[in-house]
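So the chains spell out like this:
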Amino acid sequence: MQLIINALALRPPMTGVGHYTYHLLRQLEQIDELEAIHCFNGGWLSGEAQLAASAGQMASAHGDAGRLGRGVQQLRDAVAQVPGAKALYDRMLDRRFEKYANGLQRAVYHETNFILKPYAGPTVVTVHDLSHIRHPEFHKPEVVEVLNRELPQSIERADHVVVVSDVVRDEVLTHFAIAPERVTTVYEGSEERYRPRTKEECEDVLGRLGLGYGKYVLMVATLEPRKGVDVLLDAWQALPQPLRDEYTLVLAGSSGWRNEGLMRQLQAMIDGGGVKYLGYADTDILPQLFSAAAVFAYPSVYEGFGLPVLDAMASGVPVICRQGTSMAEFSRASCVLCETGDAQELVARLSVLLDDAGYRDEVVQRQHAAAAELSWQRCAAEMTAIYRTLV
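The rules we used
- In every chain, residue numbers begin from 1 and rise along the written sequence.
- Residue-level local features of this predicted model are given only where pLDDT is at least 70; pairs of side-chain atoms are given and counted only at 80 or more, and the full residue set underlies all totals for whole chains, interfaces and linings.
- The basis for every side-chain value is the complete set of heavy atoms in the structure, and neither hydrogens nor water enter the calculation.
- Strands here mean DSSP runs of E at least two residues long; helices mean DSSP runs of H or I at least four residues long; both are numbered from the N terminus.
- When checking whether two residues touch, look at their non-hydrogen atoms; a contact exists if any pair is within 4.5 Å.
- Among the buried residues, those of types Ala, Val, Leu, Ile, Met, Phe, Trp, Tyr and Cys that are joined through side-chain atoms within 4.5 Å form a nonpolar core.
- Burial status follows relative accessibility: with a 1.4 Å probe on protein chains alone, a residue under 20% of its type maximum counts as buried, one over 50% as exposed, and anything between as partly exposed.
- Expected span of a helix, by definition, is 1.5 Å for each gap between consecutive residues, and there is one gap fewer than residues.
- The reported arc concerns the directions from the helix axis to the C-beta atoms and nothing else.
- Cysteine sulfurs are considered disulfide-paired once they come within 2.5 Å of each other.
- Throughout, an axis means a line fitted to C-alpha atoms (over the contacting stretch in the case of helices), and angles, computed between N-to-C directions, take values from 0 to 180 degrees.
- Orientation labels follow simple angle bins: below 35 degrees gives roughly parallel, above 145 gives roughly antiparallel, 65 to 115 gives roughly perpendicular, and whatever is left gives oblique.
- Each residue receives one of three labels: charged for Asp, Glu, Lys and Arg, nonpolar for Ala, Val, Leu, Ile, Met, Phe, Trp, Tyr, Cys and Pro, and polar for the others, Gly being one of them.
- Think of a 1 Å grid over the protein atoms and nothing else: a 1.4 Å probe that fits but is trapped marks a cavity, an open set flanked by protein within 12 Å on at least five of seven lines marks a pocket, and residues with an atom within 4 Å of a point count as lining.
- Grid points are joined across faces, edges and corners, and a volume is the space filled by probe spheres set on the points.
- Between any two strands, pairing holds if DSSP finds at least two bridges.
- By salt bridge we mean one thing: a side-chain nitrogen of Lys or Arg within 4 Å of a carboxyl oxygen of Asp or Glu.

Draft legend 1. Expanded view of the side chain of Thr 384. As for its placement among the helices and strands, Thr 384 is situated in helix 17 (residues 376-390). Beyond its immediate stretch of four places on either side in the chain, Thr 384 contacts Met 1, Leu 28, Ile 31, Glu 33 and Leu 34.

This is the structure:
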């Protein structure tokens, strides 16, 4: 059996879909049943060559290659504003993809990024979330327009639809006319490098960042409204002063869309002391940053999966997230859950965790069992089982 993967999401700068594609591809490369993996990134590479190229780009994300990647993205955004330019470019890519892919034998095409390209053989598509339907206000209008136009066709064409949580599966079955047996939940996984670490293992990274081991509350997310960052900031300001004196609030992640007010509030809190914003955090420091936190707070309104929560769980850090979300689902409610988006409820959850080391340990033990079941190896094995049914 051969596999085709659209690797365009692996172009720098890599988004969440890109990381999903990369980690899945790494594990699929280890499966003997897959005779060859063909990756389309505008041209064609083997799975092994694509992984090597992507690993090199990620390793230099903040060097010249990173600046080049961001420059290329800015150029793409500028060209997309030219009437008809993006449509013409997309058609060119589709023709290049179709010509090569249709010449392969016994090949399954897995589109990891919502919209299928033209292909005459069996197809699988991953739908990560339906946030463009649930919360269109959190997206650029052109993104919502493209997904509203093309995703229904993609789902209708696909032989099988993969979703990353039962929350998304229920939404897909509600919004689209598709048989339930054609939609399968396959959870994402955490990398092995996310694990509990000692103070000594973290001291180099913490020294560079000016942080103390177990002395900060962490959130890693794109700073935008749907992530609930505003709720966390409001909760932190309402937290009892002794806790704010003892702990620092640390945020890491890129600046998102429609967050001007959020960024003003964050800057005022940074100026007041006790709050740090690290910006986009290099992947090399994230395992230590996660593991050394006292609490990981992730009050996001909506996620298809919510990988940072799983990474924090695997790192041995107690997590606070929202009830009724995909995070509550895959964690099997082992995290500390907020029933609402009310800042005062988050204050109460934070206060209990920060005041009670025994309770923190209890939550960590609960989370460990749930996190241990979710790996990229398991994800790839379940995906291969789906491919197998289609050839």
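Continuing now.
Draft legend 2. Inspection of the nonpolar core at higher detail. Ranked by internal contacts, the top residues of the largest apolar core, which has 95 residues, are Leu 28, Tyr 216, Leu 218, Phe 296, Val 309 and Tyr 387. When sequence neighbours within four positions are dropped, the list of residues in contact with Phe 296 reads Leu 218, Met 219, Val 220, Phe 290, Pro 308, Val 309, Ala 312, Val 317, Pro 318, Val 319 and Ile 320. Ranked by size, the runner-up nonpolar core spans 27 residues in total, among them Ile 4, Phe 40, Tyr 109 and Ala 158.

Draft legend 3. Inspection of helix 11 (residues 260-272) at higher detail. For helix 11, with 13 residues, the first-to-last C-alpha span of 19 Å sits near the 18 Å given by 1.5 Å per residue. Residues Leu 262, Leu 266 and Met 269 constitute the buried set of helix 11. The buried side chains of helix 11 occupy one side of the element, clustering within an arc of 65 degrees when seen end-on. Among the exposed residues of helix 11, those pointing more than 90 degrees away from its buried face are Glu 260, Arg 264, Ala 268 and Asp 271. In the core, the buried residues of helix 11 are packed alongside helix 9 (229-238), strand 9 (248-252) and strand 10 (275-277). In the segment just after helix 11, Gly 273 is the residue with positive phi, at about 95 degrees.

Draft legend 4. Quick look at the state of the cysteines. Summed over all chains, the structure comprises 0 disulfides. Unpaired in this structure, Cys 321 has its nearest cysteine sulfur neighbour in Cys 335, at a distance of 4.2 Å. For Cys 321, a relative accessible area of 1% gives the class buried.

Draft legend 5. Structural detail: the packing of helix 15 (residues 343-355) against helix 16 (residues 357-371). Put simply, helix 15 and helix 16 touch, their axes get as near as 5 Å, and they point 105 degrees apart. Here helix 15 lies roughly perpendicular to helix 16, going by the angle between them. Across the interface between the two elements, Val 352, Leu 353, Leu 354 and Asp 355 from helix 15 touch Ala 357, Tyr 359, Arg 360 and Val 363 from helix 16. Looking at the contact of helix 15 with helix 16 residue by residue, the classes come out as 6 nonpolar, no polar and 2 charged.

Draft legend 6. Examining the environment of Val 250 more closely. For Val 250, the location among the structural elements is in strand 9. Val 250 gets classed as buried once you look at its relative accessible area, which sits at 0%. As a C-alpha pair, Val 250 and Gly 47 span 203 residues in sequence and 37 Å in three-dimensional space. Beyond its immediate stretch of four places on either side in the chain, Val 250 contacts Leu 211, Tyr 216, Val 217, Leu 218, Met 219, Lys 276 and Leu 278.

Draft legend 7. Local environment of the layout of surface pockets. Looking at the second largest pocket, its volume works out to about 220 Å³. Lining of the second largest pocket is provided by 14 residues; of these, Tyr 194, Ala 314, Ala 371, Ala 372 and Leu 374 occupy positions nearest its centre. Looking at the lining of the second largest pocket, the elements with two or more residues in it are helix 13 (307-314) and helix 16. The residue makeup of the lining of the second largest pocket, split by class, is 7 nonpolar, 4 polar and 3 charged.

Draft legend 8. Fine view of the sheet that holds strand 7 (residues 183-185). Strand order in the open sheet formed by 7 strands is 3-2-1-4-5-6-7, and the pairing between neighbours is mixed. In the strand order of this sheet, the two ends are held by strand 3 (44-46) and strand 7, each with one partner. Adjacent strand axes in the sheet meet at a mean angle of 25 degrees, parallel and antiparallel pairs treated alike. Relative to strand 2 (residues 36-40), strand 1 (residues 2-6) is paired through 5 bridges, and the arrangement is parallel. In the strand pairing of strand 2, Asn 6 is matched with Phe 40.

Draft legend 9. Up close: the pattern of salt bridges. Within this structure, the stated rule accounts for 18 salt bridges. The partner of Asp 90 in a salt bridge is Lys 86, with the nearest N and O atoms 2.7 Å apart. Of the two residues, Asp 90 and Lys 86 both sit in helix 4 (residues 85-101), 4 residues apart, roughly one turn of that helix. Exposure remark for Lys 86: the relative accessible area of 45% places this residue in the partly exposed category.

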